[in-house]
Amino acid sequence: MRITISGPPGSGKTTACSKLAEVLGLEAVVFGRIFRELAAEKHLTLSELGEIAERDPSIDNMIDGRILEMARTHEDLILESRLSAYMLSRNGIKAFKIHMDASPEVRMQRVGLREGETLEEATAKTIDRQRSEAKRYQQWYGIDITDLSVYDMVLNTDDLDPDQVLKTILEALDAWDGS
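Just so it is clear, the model here is predicted, and its values are computed rather than measured.

Undergrad: For this particular structure, what's the right way to read helix α1 (residues 13-24)?
TA: An α-helical turn contains 3.6 residues, so a residue and the one three or four places further along point in the same direction. With twelve residues, α1 should cover 16 Å at 1.5 Å per step; its first-to-last C-alpha distance of 16 Å lies within 8% of that length. Buried residues along α1 sit against β1 (2-6), β2 (27-30), β3 (77-80), β4 (96-101) and α8 (162-175). G25, located one to two residues past α1, shows a positive phi value of around 70°.

See the structure below:
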């Protein structure tokens, strides 16, 4: 079974991806790590690489090409990326598509804690990152990431701990008919 997990920074998608992979015994591919590694290789911040990607589609094309390659060559895996659900849908590749979200306050607190930043720093960086991503996805792919119609499940994680998120996803997977 293919599963995609998408959502904004701090929504809990990476944690859910890890827990789900462990329980289901599936390989998990987290594409945000690729973007982070690329930024580190180039000695850039995420914001700086995002600014370059706004002018150079090859960065997103490389990452998104990997999404499709992984999905086409693996029937059983979890893809965690902002565009995986859209990419698979556009290419007729079946997957259970999950969008996770949380209120901005909760997400910014999570990001700040994860990155060791103050709430103000996390908020500024995250807002900039989201703006850049939304602009690039619309510009390069014609994708409006606020359109959630592509997803099989939309989950707000504000009041859920990681185990509750996992339980909710597993219940939805059990009920999914695969179409």
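Undergrad: Looking at this model, I keep getting lost on helix α7 (residues 119-141). Mind explaining?
TA: Here α7 is 23 residues long and its end C-alpha atoms lie 32 Å apart, about the 33 Å a rise of 1.5 Å per residue gives. For α7, every residue scored as buried is listed here: A122, T126, S132, E133, R136, Y137 and Y141. Of the surrounding secondary structure, the elements contacted by the buried residues of α7 are α2 (31-41), α3 (46-55), α4 (58-73), α5 (84-90) and α6 (104-115). Positive backbone phi, at 70°, marks G142, one or two positions downstream of α7.

Undergrad: Please clarify how unusual backbone geometry should be interpreted in this entry.
TA: Negative phi characterises most residues that are not glycine, and trans characterises most peptide bonds. Within the chain, H43 stands out as a residue other than glycine whose phi angle is a positive 55°. Accessibility expressed as a relative area gives 72% for H43, which makes it exposed.

Calculation criteria
Residues numbered from 1 in each chain as written. Predicted model: local features only at pLDDT ≥ 70, side-chain atom pairs only at ≥ 80, totals over all residues. Heavy atoms only, no water. Helix = DSSP H or I, 4+ residues; strand = E, 2+ residues; numbered from the N terminus. Expected span 1.5 Å × (residues − 1). Contact = heavy atoms within 4.5 Å. Buried < 20%, exposed > 50% of the residue type's maximum accessible area, 1.4 Å probe, protein only.

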